[in-house]
Amino acid sequence: MRRTRRSSPRLRIVPVLGLLAALLLPLGLTFAPAATAAPAAPGPVRIMPLGDSITGSPGCWRAVLWNRLLNSGYKDIDFVGTLPPQGCGQAHDGDNEGHGGELVTNVADQNLLPGRLAATRPDIVVMHFGTNDVWSSIAPDRILAAYTKLVSQMRASNPDMRILVAQLIPMNPASCAACAQRVVDFNARIPDWARATGTERSPITVVDQWTGFSTATDTYDGVHPNASGDDKIAARWFPALKAVLDAGVPQDPGDPGEPAACRARFRAVSTWQGGYQGEVTVTNTSASAASGWTATVVPADGARIGQVWNGTLTTAADGTATVTNAAWNGALAPGASATFGFVATAPATAGAPAATVTCTGKSSGA
């Protein structure tokens, strides 16, 4: 393991070697110091913004936070997630894991997080998650149990995971008079949960996003932040994230033969009544070459994939599609991409084409 922004003191061996040389020269013996390999340079610290629409649709607080980090000298960072950016009007690293409408309890119950972690391999998770659960009047005990399950999955992905968990921003939608107090009640439970769940190796930092945030002036609908709200959310994340980065984040450089880091992105090419054509781009995000890749595609709204090109298709009974590379597009240099296409059938009641996609890469050393 290695830490960013940390280095061990160098052992001062030159005087010792000089003394030994002086003692051995009269005997006609000489030696040279053993050559040492230069340590591998650490990669960027990978930060996953995790949550629902407040984080990802469009979640422009991420853009504000990204630029504040860069302007403060944190250049060696990488926001990661299986979802692409959604605008926000300023340049930033928009990768994220903010799925609009998701409940944290559903993500835990359906084991959706492990695939997303495998595709992005974060070192830090920044989580504002649970607004939809609170709105749905799910009991705090159940939400916190989902938090615990997600944390265990994060640590299975990376035992040294640093986790920042928000006390949720206030909520006061016109259609939910009870939501405002539910947020207060749930937030009050988070600090004790974090103390019980955090470990020395994988600490949990609670970030108060509630205090000082006004649904009247910092949201456009009583729930989702406007520009003022984005600034306030980023301002609360920044010192907590800065403290974690300054302390040094252990990173796993990967062992030979481990899966290469990989990112998959979906887009709908064309649609028609009862189906659509989709496309998935697989990118090798690791620092080493990949000799092959496997993508998992879970179509939304009951759609089923029936035909694939530029890959080999296997379909599970629940509709989950697994696509492996073709003979000619499996080898990917660092940063290189391959694309496969497919045709899906969809029920007449299905909405716009959507799919959750993840991937893994096979290391060239495997």
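In this text the structure is predicted, and so the values were computed from the model without any measurement. (Residues numbered from 1 in each chain as written. Predicted model: local features only at pLDDT ≥ 70, side-chain atom pairs only at ≥ 80, totals over all residues. Heavy atoms only, no water.)

Before going further, it helps to examine the overall build of the chain. Within the chain, the secondary structure is distributed over eleven helices and 16 strands. Every one of the 366 residues in the chain was classed for burial, and the buried ones make up 44%. Sequence separation of at least 24 residues holds for 75% of the intrachain contacts in the chain that already meet a minimum separation of 6. As displayed, the chain has an accessible area near 17200 Å², and 56% of this comes from carbon and sulfur atoms. (Helix = DSSP H or I, 4+ residues; strand = E, 2+ residues; numbered from the N terminus. Buried < 20%, exposed > 50% of the residue type's maximum accessible area, 1.4 Å probe, protein only. Contact = heavy atoms within 4.5 Å. Areas by Shrake-Rupley, 256 points an atom, 1.4 Å probe, with all protein chains shown as cover.)

The next subject is the sheet that holds strand β14 (residues 321-325). Reading across the sheet, the four strands line up as β13-β14-β11-β16 and stay open at both edges, with antiparallel pairing between neighbours. Looking at which strands have only one partner, the edges of the open sheet turn out to be β13 (311-315) and β16 (355-363). Along the sheet, successive strands turn relative to each other by an average axial angle of 20°, direction set aside. Two elements, strand β11 (residues 290-299) and β14, share four bridges in a ladder whose sense is antiparallel. In the sheet register, Ala 295 faces β14, and the bridge partner there is Val 323. (Pairing = 2+ DSSP bridges. Axes fitted to C-alpha atoms, helices over the stretch in contact; angles between N-to-C directions.)

What follows is about the pattern of salt bridges. Within the structure shown, the criterion is met by twelve salt bridges. Several salt bridges share partner residues, and in doing so they unite Asp 95, Arg 263 and Arg 265 into one network. (Salt bridge = Lys/Arg side-chain N within 4 Å of Asp/Glu carboxyl O.)

This part is about the pairing of strand β6 (residues 162-167). Where burial is concerned, most of β6 is hidden: six out of the six residues are buried. Bridge count for strand β5 (residues 124-128) against β6 is four bridges, and the pairing is parallel. Among the inter-strand pairings, Ile 124 is bridged to a residue of β6, identified as Arg 162. Bridge analysis of β6 against strand β7 (residues 204-208) gives five bridges, and the strand direction is parallel.

The omega torsion across Ser 57 and Pro 58 is 0°, close enough to zero to call that bond cis. Turning to its location among the elements, Pro 58 is positioned in the loop between α2 (53-56) and α3 (61-71). Phi is positive for Cys 88, which is not a glycine, with a value near 90°. If you trace the backbone, Cys 88 turns up in the loop between β3 (77-79) and β4 (97-98).

Summarising the model, the chain shows a mean pLDDT of 85, and 85% of its residues fall at 70 or more. Note on residues 1-40: pLDDT under 50 across the span, and 37 contacts to partners over four residues away in sequence or across chains. Predicted confidence for residues 253-257 stays below pLDDT 50, and this span has six contacts to residues more than four positions away or in other chains. (pLDDT = per-residue confidence, 0-100.)

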